[in-house]
Amino acid sequence: MGRLSLAEVEVARRTRGRSVLLFITDRCPVGCAHCSVDSRADSPSISDFDLFEQIVDAICARPEIAVVGISGGEPFVERRGLALAARRIAESRKDLVLYTSGVWAKGDDAPPWIREAIGHASCVFLSTDAFHADQISDEQFVRAARTISREGVPIVVQVLDDGSMIERARALLVDAFGASWPEHAEVNLIPPLPYGRGKKVFMRGAGRLGHEFKPCTVAAAPVIRYDGRIAGCCNENVIMGGGPAVLRRTCGSREEMDAAIEHFGTDPFLGAIGGVGPAGLTQLPRFGDLADERFTSICELCWKMLGRTAADERQDPLIEALDLVGQGRA
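These notes cover the structure that comes with them.

Rules and cut-offs
Residues numbered from 1 in each chain as written. Predicted model: local features only at pLDDT ≥ 70, side-chain atom pairs only at ≥ 80, totals over all residues. Heavy atoms only, no water. Helix = DSSP H or I, 4+ residues; strand = E, 2+ residues; numbered from the N terminus. Buried < 20%, exposed > 50% of the residue type's maximum accessible area, 1.4 Å probe, protein only. Contact = heavy atoms within 4.5 Å. Areas by Shrake-Rupley, 256 points an atom, 1.4 Å probe, with all protein chains shown as cover. Pairing = 2+ DSSP bridges. Axes fitted to C-alpha atoms, helices over the stretch in contact; angles between N-to-C directions. Expected span 1.5 Å × (residues − 1). 1 Å grid on protein atoms, 1.4 Å probe; cavity = no way out; pocket = protein on both sides within 12 Å on 5 of 7 lines; lining within 4 Å. Points joined across faces, edges and corners; volume = space filled by probe spheres on them. Nonpolar A, V, L, I, M, F, W, Y, C, P; charged D, E, K, R; others polar. Salt bridge = Lys/Arg side-chain N within 4 Å of Asp/Glu carboxyl O. Arc of directions from axis to C-beta. Parallel < 35°, antiparallel > 145°, perpendicular 65-115°, else oblique. Left-handed = near helix turned anticlockwise from the far one by under 90°. Right-handed = clockwise from strand over helix to strand, strands pointing away.

## Remarks on the overall build of the protein chain
Then step 1. The helix and strand tally for the protein chain stands at twelve helices and eleven strands.
Then step 2. Expressed as a percentage of its 330 residues, the buried residues of the protein chain come to 54%.
Then step 3. Sequence separation of at least 24 residues holds for 75% of the intrachain contacts in the protein chain that already meet a minimum separation of 6.
Then step 4. Carbon and sulfur atoms provide 50% of the accessible area of the protein chain, an area that totals close to 14,300 Å².

## Re the sheet that holds strand β6 (residues 185-190)
Then step 1. Taken together, nine strands build an open sheet; the order of strands is β6-β5-β4-β3-β2-β1-β8-β9-β10 and the sheet is mixed. Of all strands in the sheet, those bounded by a partner on one side alone are β6 and β10 (248-250). Taking each pair of neighbouring strands and ignoring which way they run, the sheet shows an average axis angle of 20 degrees.
Then step 2. With four bridges joining them, strand β2 (residues 67-71) and strand β3 (residues 95-100) adopt parallel strand pairing. Each residue of the ladder has a partner; that of valine 67, found in β3, is aspartate 95.
Then step 3. In the packing of helix α5 (residues 138-150) onto the sheet, contacts are made with β4 (123-127) and β5 (155-160), and the angle to β4 comes to roughly 175 degrees.

## Concerning α5
Then step 1. Over its 13 residues, α5 extends 18 Å from the first C-alpha to the last, a length consistent with the 18 Å expected when each residue adds 1.5 Å.
Then step 2. For α5, the full list of buried residues reads Gln140, Phe141, Val142, Ala144, Ala145, Thr147, Ile148 and Ser149.
Then step 3. Once α5 ends, the next one or two residues include glycine 152, with phi positive near 75 degrees.

## Description of empty space enclosed by the protein
Gaps left between atoms are located by rolling a probe of water-molecule size over the structure's atoms.
Then step 1. A complete count under the given rule lists two cavities of 30 Å³ or more for this structure.
Then step 2. Looking at the largest cavity, its volume works out to about 90 Å³.
Then step 3. Listing elements by their share of the lining of the largest cavity, those giving two or more residues are α9 (268-275) and α11 (298-307).
Then step 4. Residue contributions to the lining of the largest cavity peak at four residues, all from α11.
Then step 5. For the lining of the largest cavity, the per-class residue count stands at eleven nonpolar, one polar and no charged.

## Considerations on the pattern of salt bridges
Pairs may arise between side chains of opposite charge once their charged atoms sit close together.
Then step 1. According to the stated counting rule, one finds 14 salt bridges in the structure shown.
Then step 2. Where arginine 13 meets glutamate 10, a salt bridge forms, and the shortest distance between an N and an O atom there is 3.4 Å. Placement of the pair is arginine 13 and glutamate 10 together in helix α1 (residues 6-14), with a separation of three residues, close to one helical turn.
Then step 3. Residue aspartate 289 is joined to arginine 308 by a salt bridge in which the shortest nitrogen-to-oxygen separation is 2.7 Å. Highlighted residues: aspartate 289 in the loop between α10 (277-281) and β11 (294-295) and arginine 308 in the loop between α11 and α12 (317-326), separated in sequence by 19 residues.

## With respect to helix α4 (residues 112-120)
Then step 1. Along α4, the residues that are buried comprise Trp113, Ile114, Ala117, Ile118 and His120. Viewed along the axis of α4, the buried residues span an arc of 160 degrees, placing them on a single side of the element.

## Considering the packing of helix α2 (residues 49-61) against helix α3 (residues 79-91)
Then step 1. At their nearest, the axes of α2 and α3 sit 10 Å apart, and the two run at 25 degrees to each other. It follows from the interaxial angle that α2 and α3 lie roughly parallel. In this structure, α2 meets α3 at a crossing whose hand is right-handed. Together, Phe49, Phe52, Glu53, Val56, Asp57 and Cys60 of α2 and Arg80, Gly81, Leu84, Ala85, Arg88 and Ile89 of α3 make up the contact between the two elements.
Then step 2. A breakdown of the residues in the contact of α2 with α3 according to their chemical character gives seven nonpolar, one polar and four charged.

## Quick word on the environment of glycine 152
Then step 1. Structurally, glycine 152 can be placed in the loop between α5 and β5.
Then step 2. Sequence separation of glycine 152 and alanine 121 is 31 residues, and the distance between their C-alpha atoms is 9.5 Å.

## Here's the deal with the pairing of β6
Then step 1. Pairing of β5 with β6, which is carried by six bridges, proceeds in the parallel orientation. Each residue of the ladder has a partner; that of valine 156, found in β6, is glutamate 186.
Then step 2. In this region the chain leaves β5, passes through helix α6 (residues 163-177) and returns to the parallel neighbour β6; the handedness of that crossover is right-handed.

Next comes the structure, spelled out in structure tokens:
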């Protein structure tokens, strides 16, 4: 447990079994038009805290998990759940990564419980773009950044990969820290996601051929929701009910959650899609025709492949072999 850079977080997310994302609430007061999970101020949040504690305990008990991200929605609207999870994750000696919009930075001095949660973190991802600006002022963003930095925690500013938005984000960092802002924060450019409300804002491109897709960078990191639903990859659209049902399980106890984490962590198809990638999988007869078909995203291609692989047939020896190749064991 220490401080993490963006590169170190990315390595953990892309290393199978090393990280999970805890989706702590659907709720968010910001209401961005481009939200990929359609979070709203009145969206669902934790109702069964006994189950939530069991979920957190299951995560903390697994020694292979080194990094736990907490997102939503906006995690800081879920005070009880965030405080509990942050404390227990820190006590288990795992690195905590928080994802936030900074909506909580309403005054110069953040409440003690917020500072405590931030203090448990090894890194905080702070988002900003033109969509956030309607609800979060520049001054609020600057206060959030300064609060995080005062706790000695590195900041990763997430911003859409758009020239004007990138320029604005850097200007805000100068306002917060002056010319020395790179000592406090990194900037991470993210692509627009056409999911949730975002599908009304961002258009899908023409896509690429199946054999042109590189390995999936999020297939190694499951998402676990506060209500016991777990998704096998880090596409938050899946945790919200999109994509093949085989990528989701619903758990009602710590034991079921532990089994689900184990299941997705050893699934050969997820290992192959994140290892050799779609290009390798299209070499199999089952998927050969997809090599020259055009897809707008790797998820669209992955889901089509899964549609051809019934749940009771997933232990395909050829897929298992490609999984081993991707892990360098064959």
